[in-house]
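Chains, contacts and geometry: an overview
Here is what each chain is made of, one letter per residue.
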Amino acid sequence: MMKYILVTGGVISGIGKGIIASSVGTILKSCGLHVTAIKIDPYINIDAGTFSPYEHGEVFVLDDGGEVDLDLGNYERFLDIRLTRDNNLTTGKIYQSVINKERRGDYLGKTVQVVPHITDAIQEWVVKQAKVSVDDDDVEPQVCVIELGGTVGDIESMPFIEAFRQFQFKVKRENFCNIHVSLIPQPGTTGEQKTKPTQNSVRELRGLGLSPDLIMCRCTTALETSVKEKISMFCHVEPEQVICVHDVSSIYRVPLLLESQGVVSYLSRRLNMPIETRPRKMLTKWKEMSDRSDRLLEQCSIALVGKYTKFSDSYASVIKALEHSALAISHKLEVKYIDSACLEPSTLQEEPVKYHEAWQKLCSSGGVLVPGGFGVRGTEGKIHAISWARKQKKPFLGVCLGMQLAVCEFARNELGWEDANSTEFDPETKHPVVIDMPEHNPGQMGGTMRLGKRRTLFKSPSSILRRLYGDAEYVEERHRHRFEVNPELKSHFEDKGFRFVGQDIEGERMEVIELDDHPYFVGVQYHPEFTSRPIKPSPPYLGLLLASAGKLQSYLQKGCRLSPRDTYSDQSGSSTPDSEISELKLPSISSE
C-alpha cells in the first residue's frame, strides 16, 4: 500500500515546510524507499507562471514545461527526482477540472458542491499522482510526501483539509500520517520559548478533523525539555512526537537533525513500513556535505546582477546552483546582490551613493552572474555590468535574459550598432538582435513560452562548456523564454570572435554563446540551475565558480576532474551513481 505523509503548517507561512517535507523524504529515501512529493498551493492561479518573483519567489520549471512553486525545486534537489506539472496542485487546477466535468455533463444533473465534488477531485488527484514514477528506474513510489501550502485555518485551504480528513479513513490509519510544522517564538525581551501559538494551531487542526502524529517545532535555539513536555501535554502527543527543528548552519543538516531525533523509527512504526531503521549511505553523503560547508575557509564572491534582489527567494535555484558548485570546489560562497538599476547613469544623478556602492560591489567580486528576468527595468544596468565583465576579463555567466543582453552589449560596443536591442524592450530598433519567437502568443500570458526540457547540440568541439559537460555532443536542459537571438545576424558576431557554440536540433535557435580570448564568458538560453544537484553541480555554474577561483584551466587540463580534496568519499553512495565526483575513491571524512 502507498504511504501518505501530509505536512501542514501553523502560525505563519514561510516557516520551512518545504525544507522539512524534503528532509523527511530524504531520510526515507536513504532507507531504500522510493519517495515522491506533491505540493498543494491553495491559490486560484492555475500555475505559478504568471507570478511576480516578489509575490511568490522564483518560478521553478520542470522537464515537461510545468511552471510550479519553488518548493518543487527543493524536492527535486533533496530527493534527486524529476517531477511533473501535476505534482503541483492548485485550487485553480482542481476547480478547472471539476467545472470542465460539469460542463460535459459528467455529474448527471447533480448539484456540484465543494463537498463532495471538489474534495473527491482532490483525493483522486493525489492517489493518481502518487503512483507516477519520479525516478529514472520507472519504479512506482512507495511513499508520497504531500505539503499543504499556507497555514491551517486559512479560508482557501479549507477544502484541502476537509479532503484529507476524509482521505485518512479511506486509505486507513496505517497508511496516512500528519506532520504539523509550527513556530515556537522566542521574544527578545525574555528569551522564553512560547508554546501558545502551537497549542492554538494544533487545536484548530484537530477541530478540522486532523490529528498531528509529529509536531515539528521551528525555533531559533534547541527546544528546552520543559517546553517539549508542555507541548506534549497540551497537544495530546507523546514527548517523542515533538521534534525540534532549530536553526542550523546549512540546510543539509536538516535531514540529519530529523534522523537523530528518531523520525525514521517513529514513521516506520506508525506507518508499518519494513525499513532499516538506520539510514545508511545517502545520509553519510549529507553529513559530509554539511561538515564540509561548515569547514570552508577560502572564499569566492559572485556578483548577482538582477532586478529582484530585494527578495532572495526570487533567485532560489540560482543561489542553490552557485552553492552546489562552491561546495564542490571547497570554497565558501559570497553572493553580492546588486540591483541592476543602481548601475545605470540615471542613478548617479538621483542617488549617487547607491550608484557607487553598486559599482563597488561589482568591481570587488570574483565573477559576474546575470540571471533571467522579464521587463525593461534594470536592463541597461545589466548591459553595463556585462560590458565591464567582458572588458575586464572577469568570469561571466549570462542565463536566459542574461545571455540575450550579452548579445546586445557586444552588438553595441563591438559591432557599432548603437541602438541594438531586444524587441521586448525596443520594438522599433533598427538592429533587433533579440526577437520574439514565432510560437509566442502575446494574447495569453500563462504557459505560452518555450518551456521545459529541450535538446541543445554543441557545434564546436573546442567549446569550454562542452568540455565542462564531459565532452557531450548534446545536453538536455530546461527552458523558459519568449524571445530568442536573431539567427540572421549570427555571422556578424562570429567574425568578431563571439561564437554561438550551441544550437537547438533544427539549428534555428542560438542556445550557448562563448567569447574568444576571455577566461570565461558564457551565456546560455536555458536555465541550468533547475537541474543542479548538491552532489552534481550544474556545469555552467561550476565553470563560473572555477574561473572565479582561478581553477578553471587546471580543471580542464585534468580532463574535468576535481582534485582529490574536493571530492566526496565513495561511502557517500551518491544518489546519482554516474556522477563523476563519486568515481574518485577517498577515505570517508569522519562519520559518526
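Residues numbered from 1 in each chain as written. Predicted model: local features only at pLDDT ≥ 70, side-chain atom pairs only at ≥ 80, totals over all residues. Heavy atoms only, no water.

The next subject is the domain arrangement of the protein. Taken as a whole, the protein is organised into domain 1 (3-290) and domain 2 (296-558). Look at where the C-alpha atoms of domain 1 and domain 2 centre, and you get two points 35 Å apart. Taken together, the contact between domain 1 and domain 2 spans 25 residues of the former and 30 residues of the latter. For the domain 1 and domain 2 pair, buried surface summed over both sides reaches about 2,400 Å², with 57% attributable to carbon and sulfur atoms. On inspection of domain 1 and its partner domain 2, the count reaches 5 salt bridges. Between arginine 533 and aspartate 80 there is a salt bridge whose closest N-O contact spans 3.1 Å. The interface formed by domain 1 and domain 2 holds 14 residue pairs in polar contact (both at pLDDT 80 or more) in total. Contributions of two or more residues to the side of domain 1 that touches domain 2 are made by α2 (53-56), β3 (60-61), α3 (71-79) and α11 (281-295). Tallying contributions element by element places α2 first for the side of domain 1 that touches domain 2, with 3 residues. Looking at the side of domain 1 that touches domain 2 residue by residue, the class counts come to 11 nonpolar, 5 polar and 9 charged. (Domains from an automatic or database assignment. Contact = heavy atoms within 4.5 Å. Buried area = accessible area lost by both parts, 1.4 Å probe. Salt bridge = Lys/Arg side-chain N within 4 Å of Asp/Glu carboxyl O. Polar contact = N/O pair within 3.5 Å; in protein donor to acceptor, adjacent residues only side chain to side chain. Helix = DSSP H or I, 4+ residues; strand = E, 2+ residues; numbered from the N terminus. Nonpolar A, V, L, I, M, F, W, Y, C, P; charged D, E, K, R; others polar.)

A separate point is a nonpolar patch on the surface. A surface patch of nonpolar side chains, amounting to about 310 Å² of accessible area, comprises Tyr95, Ile99, Val114 and Val115. Its place among the elements puts isoleucine 99 in helix α4 (residues 91-104). Residue class for isoleucine 99 comes out partly exposed when judged on its relative accessible area of 47%. (Patch = residues over 30% accessible without salt bridge, like charges linked within 9 Å, V, L, I, M, F, W, Y side chains within 5 Å. Areas by Shrake-Rupley, 256 points an atom, 1.4 Å probe, with all protein chains shown as cover. Buried < 20%, exposed > 50% of the residue type's maximum accessible area, 1.4 Å probe, protein only.)

Enumeration according to the criterion identifies 37 salt bridges in this entry. Where arginine 82 meets aspartate 63, a salt bridge forms, and the shortest distance between an N and an O atom there is 3.0 Å. Of this pair, arginine 82 sits in the loop between α3 and β5 (88-90) while aspartate 63 is found in the loop between β3 and β4 (67-68), placing the two residues 19 residues apart along the sequence. Given a relative accessible area of 33%, arginine 82 falls into the partly exposed group. Because the salt bridges share partners, they merge into one network encompassing Asp63, Glu76, Asp80, Arg82, Arg478 and Arg533.

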